[in-house]
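Fold and geometry: a report
Each chain, letter by letter, is given below.
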Amino acid sequence: MLTIFKKTAIAIILFIFLDRILSFAFMHIIFDNTISGESGGTINYVIKKDSHPDFLILGASRAKHEIDPSVLPSLGANGYNLGINGNTVLTSSLILDILLRNGVKPKTVLVQTDLSDFTDDSRQKTLDQISRVYPYDTPLIRSYVQSIGAEEEVKYFFGLYRLNRKILDVGYNFLKRNSIGAIDGFVGLPEIAVPPDGSWAAANYIYEGTSTTALALEHMQELCNENSIDLIVVFPPFYNNVGYNKTQQEIMMNDLKKHGLKIMIDLSDIAKTPGLAGADNWRDALHMDTAGAEKFSIILNTAIEKLPEGDRNGQ
Amino acid sequence: MLFDSFTFLVFFAIFFVIYFSVRGTLRHIVLFVASCVFYMWFIPKYVLILFLAIGIDFYAAIRIEDAATARGRKRWLLIGIVNTCALLFIFKYYNFFITNLNGIGGLHIPYWNIILPLGLSFHTFQSLSYVIDVYRKKVRTERNLLVYANYVMMFPQIVAGPIERAGQLIPQLRSLAENPVNQSDFAIGMTRFSYGLFKKMVVADNIGPYVTAVYNNYTHHTGATLLVASMFFSVQLYADFSGYSDMAIGIARALGFRFNENFETPYFARTIAEFWRRWHISLSSWLRDYLYYPLVFSFGSLSKFAMYASTIITFAVIGLWHGANWTFVIFGTLQGIYMIAGTVTEKMRAKFVDLIRLSKLPRVHHAIQMAIVFLLFTFSLIFFRASSISQAWAIIMKIASGISIGAVNVLDTNGFTIMCVAALILFASEFFVFRKYSFDRIHDGRRGGLASSVIAITSVALVLSLGFWGGASFIYFQF
């Protein structure tokens, strides 16, 4: 039996060695030189592009497809939309941490979020979110990995696991890296003839003030305070208010203020943006089409212009 | 406890050390306790059902051997079979039976709200084969309850097979006490386990979400998307089940046990008959020995009708074995129809191949044959995967209404790419390596240790880098 243990131990050590070599090579030769795609490429692009942008937009697909940096002059001329499909504020806070550690220091961070981000505090949801930024290895990511449990810590130990399901995507984007032109990250969605489905509702949403996402947003505010960055939290509307829950939205807004959030622009109720109520502004119930996004970005710019001067960190 | 979970790795490491540290009866006890823990991890109280099945067949087999008359032997055989089948009927087929009875007779007999015990179809078939083999005097009755209990519920195969025969496994269990630690068995077993892990986590689990998303919203998808999803389901099912079998056989091998093969690269079969000799071998051979042959002989003559009728009945039972739903019966019956059609048209097809001179291009001919078998099986799997006959029919109609490659909805580009790459790696490894060489042959060959290590390390590396870590259950656990 001793032989089995010895050989098993040797095999494990060899595997760890191989894992380190493969992941190191992939990270340094391919990943670090990939500047597009949602597996870390867009984050690399911002890191390489400009260490002092006027503003950065973080959030999910509703940020990526709905907020056009070129229509936000109130925040400056040099901005980038770093919205990534499926992200919550937890991932946004991790991305901000990665950017700051890599010397990127914007004047303003505009983060899009929704009530739904704060309604599911399951371990699986947290894991889904943090694993999105796994190729990066920061103390903040590690602290979340620790909170998930020993199993995740063991897996995270392996470099190949940190690249899990990203290798092909990153590899493809690496190959087409020379064809990336000047971009600001905004991706408008073409309009469709079919009206969006507005049948589902947010009636069952219940805001959880102690959720990992709420605490992540609080941490994001602290990071911004430490680095003299203005943090603006934006809640965009939904078609036909399908994702809007008035009572829970109010509870959330009050609670987030207690969490230390300074600037929040709540446009989640479609009644506040009547110009966007028509189906012709929407690709689906969650996402505006390009025309809707341009209108929304203008509305957002006006709302930012109206913010009291004292609310900003004053850079 | 799933083989592909962290919990299982810890469980197995602890078990392995204890198992090889003890000898004699204690080793049987360690294996039995470990099997109980493994099974009870899902729903603890269902182990009692398992104990009941073990008790019935253990006792029935002893009475069969001890019976003084042929009538007595037959009576105890029937008691064993009826009681074991009753368990299967109550837990698996009762609600199905009631649904049909209510439907036909306009009755309102209440349903029984119960969850199917894991692997019930597998261990009841294993128990049945034991009782029948004792009756046929093919195996000696096992009078040590611990040995028999381990035969039925040994943890690598308790949930989803392979369905081991008593003649194969019980002698190995009898010599378990003296079984020495074997480094070669451990290496082969772990290599096979790693490859099974790759099949399950990289191939099956990456495909699963796509197939589920398409089938759950089949009304919103084009015929092309449904065809692609159906073809991927064939790959998923194979990778999921054969992956489980590889893991089960691998774990057993690491402990020194030899299990029978359950799959032999079935998608490279050139006829449906050959396919079923290579797909879920432990089930198809079980039904051949305990149902098909007795059925053929029960017709009194070896006529074509006897063989065709027996084929249809046997495959319908294979379908029903999978689940209590008419969709499974259709799936099974289709296999029977394919088999008969294959036999009836054999000469005609051979003439046609000669006529178009395809016989002069054997490789092309074989590739076409493999593709046809794959497509026929994929077609039958639409019934297997669909939740109802009407859903399956709607999917078939959509596919039949026209296919355009440009109309395929990949849903998630990255996920779809991973699926395709994973399936390609699987088929390439099966075609170039495992179609020709077994794990034993690789290990025992020149530089076999290195080759085995490369397979194991590559599999684990692929699991880490491309695997879907969502903790998806095995498809065959529901059977």
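Keep in mind that this is a model prediction, so the values were computed, not measured.

Focus: the overall build of chain A
Scanning chain A for helices and strands turns up twelve helices and five strands. Relative to the compact-globule value of 20 Å for 315 residues, chain A shows a C-alpha radius of gyration of 21 Å, a close match. Principal axes of the C-alpha set define a box for chain A whose edges measure 75 × 45 × 45 Å. Scored against the burial criterion, the 315 residues of chain A give a buried share of 43%. A sequence separation of at least 24 residues applies to 81% of the contacts in chain A between residues at least 6 apart.

Considerations on the environment of A:Gly103
Tracing the sequence through the fold places A:Gly103 in the loop between α4 (89-101) and β3 (108-112). Taking the C-alpha atoms as reference points, A:Gly103 and A:Asp50, 53 residues apart in sequence, are found 9.5 Å from one another.

Some thoughts on the domain arrangement of chain B
All names here are of chain B. Split into domains, chain B comes out as domain 1 (19-180) and domain 2 (185-478). Between the C-alpha centres of domain 1 and domain 2 there is a distance of 27 Å. The partner domain 2 presents 23 residues to the 22 residues of domain 1 that form the contact. Elements supplying a minimum of two residues to the side of domain 1 that touches domain 2: α4 (70-105), α5 (120-135) and α7 (166-174). Considered class by class, the residues forming the side of domain 1 that touches domain 2 number twelve nonpolar, eight polar and two charged.

As for the pairing of strand β4 (residues 230-235) of chain A
Side-chain direction in a regular strand flips from residue to residue, so the side chains alternate between the two faces of the sheet. Residues and elements named next belong to chain A. Here β4 lies mainly inside the structure; six of its six residues are buried. On β4, burial covers both faces: Asp230, Ile232 and Val234 on one face and Leu231, Val233 and Phe235 on the other are all buried. In this sheet, β4 lies alongside β3 in parallel orientation, the contact comprising five bridges. Within the sheet, the bridge partner assigned to Thr108 lies in β4 and is Asp230. The pairing of β4 with strand β5 (residues 263-266) spans four bridges and is classified as parallel. Bridge pairing links Val233 to Met264 in β5.

Notes on unusual backbone geometry
All names here are of chain A. Although it is not a glycine, Ser228 adopts a positive phi angle of roughly 50°. Within the secondary structure layout, Ser228 lies in the loop between α10 (212-226) and β4. In this structure Ser228 comes out as exposed when scored by C-beta crowding, with 11 C-beta atoms within 10 Å.

Things to note about the interface of chain B and chain A
Chain B puts 18 residues into the contact, and the matching count from chain A is 18 residues. Secondary structure elements with two or more residues in the side of chain B that touches chain A: α1 (6-21), α8 (183-216), α17 (413-434) and α19 (448-466) of chain B. No other element matches the seven residues that α19(B) contributes to the side of chain B that touches chain A. The residue inventory of the side of chain B that touches chain A, partitioned by class, reads twelve nonpolar, six polar and no charged.

How each quantity is defined
Residues numbered from 1 in each chain as written. Chains lettered and ligands numbered in written order. Predicted model: local features only at pLDDT ≥ 70, side-chain atom pairs only at ≥ 80, totals over all residues. Helix = DSSP H or I, 4+ residues; strand = E, 2+ residues; numbered from the N terminus. Rg over C-alpha atoms; globule rule 2.2 N^0.38 Å. Buried ≥ 20, exposed ≤ 12 C-beta atoms within 10 Å, placed from the backbone. Contact = placed C-beta atoms within 7 Å. Domains from an automatic or database assignment. Nonpolar A, V, L, I, M, F, W, Y, C, P; charged D, E, K, R; others polar. Pairing = 2+ DSSP bridges.

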